[in-house]
Amino acid sequence: MLLMHPNVSIKVASSPAVPELVATSAAPISNFDCNLDDEDLCGMTQDTRSQFYWSWRGNTSQPVMGPVGDHTSGSTSGYYIFVPEVPNGQLTTETGRVLSPVFAQNSNPRCLQFYYFMNGINDAGSLNVYILLDGGTLPSVPDWSSSTNMGNVWNAMKLSLSPQIDNFQIVFEGVRRPAYDGTVAIDDILLLDNTECPKLNASSDFEDGLGDFVQDETDDMDWLLWSSSTPTLDTGPSFDHTYGNSSGHYLYIETSAPAVTGHIARLKSPMLVSTTETPRCLTFWYHIIDCNIRTFCSLCDYGRKYYLLMFLIHQEFPVIGLPALGGTSAYSCPSFQVFGAACFQALDVCNWEIVDGKLPCHFGYGIDVASLNIFITNGTTVPNPTYLWSMSGNRGDKWRAGEVQLHSQTDFQVVLEGIRGIDFSGDIAIDDVIIDSKFCPGESNFYNYSSISCNFEEKELCYYEQDQTDDGDWIWQNRATDESFTGPDRDHTTDSELGFFLYISEGLAGDGASRLWSPMADPQNAPSCLQFWYHMYGTDVETLNVYIKKDGQTLPTTPSWSMSGNQGNYWHRATFDINIINVGFRVIFEGVTGQDYKDDIAIDDVTFYNSTSCPIVTTDPPLPTTLPPSQDEANCDFESDDICGYSQLFDDEMDWIRFTGSTPSAGTGPTADHTLGTSGGYYMYLECSDSYEDPGDVAHLASPYLNPTTEPPCMEFYYHMWGADVDMLNIYVVEFGSSMPIDPHLTLFGDRGNQWLQALVDMPILAKPYRVIFEASKGITFEGDIAIDDIMFYDGSCPQATSVPSVEDANCDFESQNNTLCGYYQDDEDDFDWTLNSGDTNSDFTGPSADHTLGTPEGHYIYLETSIPQRPGQQARLMSPSILGNMDDLCLQFYYHMNGEDVGYLRVLWSAMYYEDKEMLRIVGDQGDLWTPASVNLQSTGAEFTFIFEGLVGSGKRGDIAIDDIRILRQPCQGYPKESACTFDAAGPEDFCGYQQSTLDDFDWQWYDGTSDNAPVNGDSAYVYFSPLQAQPGQRGKLVSPKIAGMSTQHCLDFDYLLHKDTTQQLIIGVMKSDGMTYNLQNLIGGSAKWAHHSRTLNDTEVGRNFQILFIGVVGDSLNGTGIIALDNPTIRLGKCQELPPPDTGEQVMIEDDNSSTIILGVLLGLVLIMLIVSVAFFVNQSKRKQPPVSDVSIKYTNGENKNVALPKDMNIENPNYLTVNLPVNDYNATDPNN
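Residue positions are counted from 1 within each chain, in the order its sequence is given. Reporting of local features is limited, given that this is a predicted model, to residues whose pLDDT is at least 70; pairs of side-chain atoms are given and counted only at 80 or more, and all residues count toward the totals for whole chains, interfaces and linings. Hydrogens are left out, water is left out, and the side-chain values use all remaining heavy atoms of the structure.

Side-chain atoms within 4.5 Å are what join buried Ala, Val, Leu, Ile, Met, Phe, Trp, Tyr and Cys residues into a set we call a nonpolar core. Working definition: with a 1.4 Å probe on protein chains only, accessible area under 20% of the residue-type maximum means buried, over 50% means exposed, and in between means partly exposed. With 37 residues, the main nonpolar core has W834, L892, F894, F947, F949 and I963 as its most contacted residues. Among the elements of the structure, strand 51 (860-864), strand 52 (875-879), strand 54 (890-898), strand 55 (905-912), strand 56 (918-924), strand 57 (932-938), strand 58 (944-952) and strand 59 (961-969) are those that each provide at least two residues to this core. Discounting chain neighbours no more than four positions away, the residues touching I963 are F814, W834, Y861, I862, L878, F894, Y895, Y896, L906, W931 and F949. One finds C636, L686, C688 and F717 within the second-largest nonpolar core, a separate group that totals 35 residues. In this text, helices come from DSSP runs of H or I with a minimum length of four residues, and strands from runs of E with a minimum of two, each type numbered from the N-terminal end. We call two residues in contact whenever any of their non-hydrogen atoms come within 4.5 Å of each other.

Burial along strand 63 (residues 1023-1026) is two-sided: the face carrying Y1023 and Y1025 and the face carrying V1024 and F1026 are both buried. Pairing between strands is defined by DSSP: at least two bridges between them are needed. Bridge count between strand 62 (residues 1006-1008) and strand 63: 3 bridges; the pairing is antiparallel. The residue of strand 63 that forms the bridge with Y1008 is Y1023. By the bridge criterion, 3 bridges tie strand 63 to strand 71 (residues 1124-1134) in an arrangement that is antiparallel. Residue pairing across strands places Y1025 opposite A1126, the latter belonging to strand 71.

A separate point is the pairing of strand 44 (residues 728-735). Most of strand 44 sits inside the fold, with 7 of its 8 residues counted as buried. Across 4 bridges, the pairing between strand 44 and strand 45 (residues 746-749) is antiparallel. Among the inter-strand pairings, M728 is bridged to a residue of strand 45, identified as F749. The pairing of strand 44 with strand 47 (residues 770-777) spans 7 bridges and is classified as antiparallel. If you follow I731 over to strand 47, its bridge partner there is F774.

An order of 30-31-38-33-36 is seen for the 5 strands of this open sheet, with the pairing classed as antiparallel. Bordering the open sheet on either side are strand 30 (475-478) and strand 36 (572-578), each of which pairs with just one other strand. Averaged over all adjacent pairs, the angle separating strand axes in this sheet is 35°, with direction ignored. Two strands pair when backbone bridges link them, and strand 33 (residues 528-536) and strand 38 (residues 601-609) are joined in this way by 7 bridges, in the antiparallel orientation. Bridging from a neighbouring strand, W533 pairs with D604 of strand 38. For every element, the axis is a line fit to its C-alpha atoms; helices are fit only across the contacting stretch, and the angle between N-to-C directions ranges from 0 to 180 degrees.

On to the sheet that holds strand 32 (residues 513-517). The strands that make up a sheet are held in pairs by hydrogen bonds between backbone atoms, and each pair lies either parallel or antiparallel. An order of 29-32-37-34-35 is seen for the 5 strands of this open sheet, with the pairing classed as antiparallel. Looking at strand neighbours, the two that pair on one side only are strand 29 (465-466) and strand 35 (561-564), the edges of this open sheet. Strand direction decides the pairing type here: strand 32 and strand 37 (residues 585-592), joined by 5 bridges, are antiparallel. The residue of strand 37 that forms the bridge with R515 is E590.

Only rings of Phe, Tyr and Trp enter the pairing, Trp through its six-membered ring, and a pair is recorded when the two centres are within 6.5 Å. The plane angle decides the type: under 30 degrees is stacked, over 60 is edge-to-face, the rest tilted. Scanning the entire structure with this criterion turns up 49 aromatic pairs. Centre to centre, the rings of F532 and F589 are 5.3 Å apart; their planes meet at 85°, and the pair counts as edge-to-face. Here F589 lies in strand 37 and F532 lies in strand 33, a separation of 57 residues in the sequence. The two residues F532 and F589 agree in class, both being buried. Measuring from centroid to centroid gives 6.4 Å for F814 and Y824, while their planes differ by 55°, and the two rings are tilted. Of this pair, F814 sits in the loop between strand 48 (786-794) and strand 49 (825-826) while Y824 sits in the loop between strand 48 and strand 49, and the two are 10 residues apart along the sequence. On the basis of relative accessibility, which here comes to 1%, the residue F814 falls in the buried class. Taking the relative accessible area as the measure of exposure, Y824 reaches 5% and is therefore buried. In textbook terms, an aromatic cluster arises when at least three aromatic residues are bridged by ring pairs, as seen for F814, Y824, F894, Y896, F947 and F949. As a reminder, the over-ring test applies to NZ of lysine and CZ of arginine, requiring each to be within 6 Å of the ring centre and within 35 degrees of the ring normal. Between R658 and the ring centre of Y682, over which it is positioned, the NZ or CZ distance is 3.7 Å.

Another aspect to go through is a negative patch on the surface. A patch is a set of surface residues, each over 30% in relative accessible area and not in a salt bridge, joined within 9 Å for like charges and within 5 Å for the nonpolar side chains Val, Leu, Ile, Met, Phe, Trp and Tyr. The Shrake-Rupley method, run with a 1.4 Å probe, gives the accessible areas here. Residue values count only the displayed protein chains as cover. By definition here, a salt bridge exists when the distance from a side-chain nitrogen of Lys or Arg to a carboxyl oxygen of Asp or Glu is within 4 Å. In this tally, Asp and Glu contribute negative charge and Lys and Arg positive charge; neither His nor the terminal groups of the chain are included. Where a charge lies is defined by one atom per residue type: Lys uses NZ, Arg uses CZ, Asp uses CG and Glu uses CD. Side chains of D632, E633, E711 and D795 sit close together on the surface and give a patch of like negative charge. D795 gets classed as exposed once you look at its relative accessible area, which sits at 78%.

Next up on the list: the pattern of salt bridges. Once their charged atoms are close, side chains differing in charge can pair, the charge on each being opposite to the other. Evaluation of the coordinates by the stated rule reveals 24 salt bridges. The partner of E735 in a salt bridge is K768, and the shortest N-O contact between them spans 3.9 Å. Here E735 is found in strand 44, whereas its partner K768 is found in the loop between strand 46 (757-762) and strand 47, with 33 residues between them in sequence. We classify E735 as buried; its relative accessible area is 18%. Take K768: its relative accessible area is 26%, and that puts it in the partly exposed class.

Pasting the structure below:
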């Protein structure tokens, strides 16, 4: 019986010590449920040793600052117990305790639930809860305690009690201090057996297991506790979020086998207290990379409507939730959106074209896309939960924050669900999951909207779109770009490695322009401003243009903003005003890649200020307060060990070497210096025989800083460039505080003979100290040493500075304002000259009336006037500027006009020192009154060369010949092939279907014709093999494929191979890109006696703009290299291997030895059948060859050994008056000089 007086609590007299509370044995119970409405209070008792007694609301008035009603009914006449007010004169802190009945010991957890009230003005008192074991004393530390003023409300408290080894009681202790002026009360006490209490909060950083969370036992797989990188390449995080290193832990779902599409892993929180009285916020960090999903939005046209599609899958899949449909039907696009995976309507009506039950352009929603979902449940399995938050698709290699405000009227669990996507490349990870009693701050929202203003942090990129008609794509990136010494190493938004930006690179986007379209902006009735940040760092950086494209109009010819060249390794701000525009418009970012890999251009943080003029801003980097020491000259003959203060730079791959005498490699480099001309003199050179460096790697040697001058000084130096594969020597002049410019002041290339040559360079006038940087690059073999010596600086301009021949120097439309010929010049040894002209020529019925460039009489061209005083048979020769081809494929394109009954001929000749002039093209006779395109592949040896236009006077005055719009392309005229296939059946010892032996290996591959005796290995057709005699382990033979047009598109490589006898030999498969960089794709290790077939998909990064496949045989460890490596049927095709049918080359089959007559008879019959098929094919082929060709070409020409090659009509040069005329081949009078 609870001892309470009806009106006042019993006060215990103050004493130096309060008697210790000791539990007493009683009959135990297991459960307890008491609302304190009855006077016996469910067996609860007052501790007689307390310093005050608790009061019962049932027999006393409402306390000061007490609740309006009890918790059970909310009535003012309801019941509860409370700590009474402080009596007058109390000067010490007092405690009063009430004890529950005795509860039985238990081996399972229990849940104690009660409601408490704590409200006061200055002091709301304190409430402690203890567990008192049978026969024990009161613990010194309570199991729960609160001294917080909770206001005028009842508060729920749920306390999980661990299993107890003895019977026990629950003790509620109230504390009142002298300043206590409030009320501490409790009501509705409930003890549940074998039940854990719902928690208020839960969290885990997964450093010590799952923390408060557990795996769901009813799902398909578990979340895995992990650290460092996940096992699957290119997916999953490489470090945790908590510590940001490879030692920290996180959870992730492993999507490799045995997991399959649609498998689910669920992580469950403990039961949580409802949010009716306390808010609850879930915060977490997630990492989702799904490499199978291309998340760049694109505008797809499938016949009738346009649709904006996200997460475009690169292959077809059945439509989710649709029955198979025969033929072509239409399906209405559903109007839904899930975070990051949606079908978006771009027009009012969205009709998906369904073909054979499949979408041509699949939207990323459903089980095909890896997703992370969050929902709540009351503890039971939810078959179709309602997601509170969901994210799918590739979110980039970054930990991202998420938050969810939780709402539930009942106790609940939070479930984090990961769903496996279409393949193993979609790992999902989570870390630092916290459920806290608060409102979410709203700082971790997923922003998915269409806007010109964009920080590019989300994969949707604010619905910017790639231009489908350009040469490459912009790349979404965080951390540093792929190459060294170019591109940013962090974004601008967050100034960290985790932030994202967009960039282009020659190695990934290919050569040419990449354009990015913003969403459509509304018409502007006032001037507006566009601001963005750009990063242009690297010696090969080209150009960034920004256009404003009005709706319904083509891209302007002139950009609104443009920047070119190396701008330094930092982010720059750019702004420009947008004038009033009365129609919608888009912002177009166009990046133009350079010729090498150090050309990255990046953009970030685009901001559109509507109807606001641009602010005045600057981002020029501050110069150091003190300029570096500088001097008047940097003369050096390198005879001193200190090399005159010249220094190696750190931003290169190689170093210059101070040397004397001959370089180590034969056939390259000097034998003596230039200063002394002896083997004892010193010079600086680049050694190209080191196998650790790649072709194209460079070494930088920088002079000391020189004082600025008011007159341009002259630098003289001597160089030695001798060897079959000498590459480039570039000279840069760099002002203090600036980066290396995109174009060098001087470029020298190729073999110049075994001699020291003089070079003269005019220095620019600069306001700050500057230095000269000598850059030498490695060639493709060891025969590429480059040396320099005797650098001298003089006052005044150079007497004749060294010129820099370039391919682009030969481009000419003859429209220059000073009527020059773009460096073309007349041959002094011919009969007369070509004439620059506009409009008609002097003779009637011959010559053009307008040029080709402008198509008007005002435009200029160059021509031969064949009237008197010229005589029939006389020649005029026009010489091109000198060209350095760098061993590149080059195509000469031009337009010619040959109209008149007396036209002679036009020839194109190739000319170079040490070579005889070679005719490349001849066009004879009247070709009609129109401009006609022509193209010629030019031979490029690595040395300088010229080409010559030679015109011949015909039989009369009506024979004028004109040319216009000359340009050189760095590619074959016919372009590189997109695919390649070779069976080696028609090959020979010197012809491997365009495959070439490398000069950088130890041995060559050999050809077996498929019929001769003593075959190296058995097979059913011809093949090539690698089996060098007297070879040493590790020696190599490299076979190089023809160059293939990569187009930054996936290709499939197929081939048959055999690794015979030696289990230690290897076949290495590599790829060499257009920049000369090589990468190993796969190593095949031998030992099998049978042929095998191998396929591998090359991704767009591996192929780049152009590429070649390398087959590298490596000698094993067996004595004298007795192993054999054989190769057949190499095939390179566009597309992904698993999406393509098997190649039509067939597969190489091993022929087993068998003496049975059955096999012999079968072989004989097979040979007869083959002979019959070959005979029929030969007859059909001969029949076809007798038929006359049908073609639309205008001319035929000789291109090396190629005859009668069709030329395109349109060479991409605008000509508004150009007439497209199809001329039959047989009507064209062209001659082949080789016939």
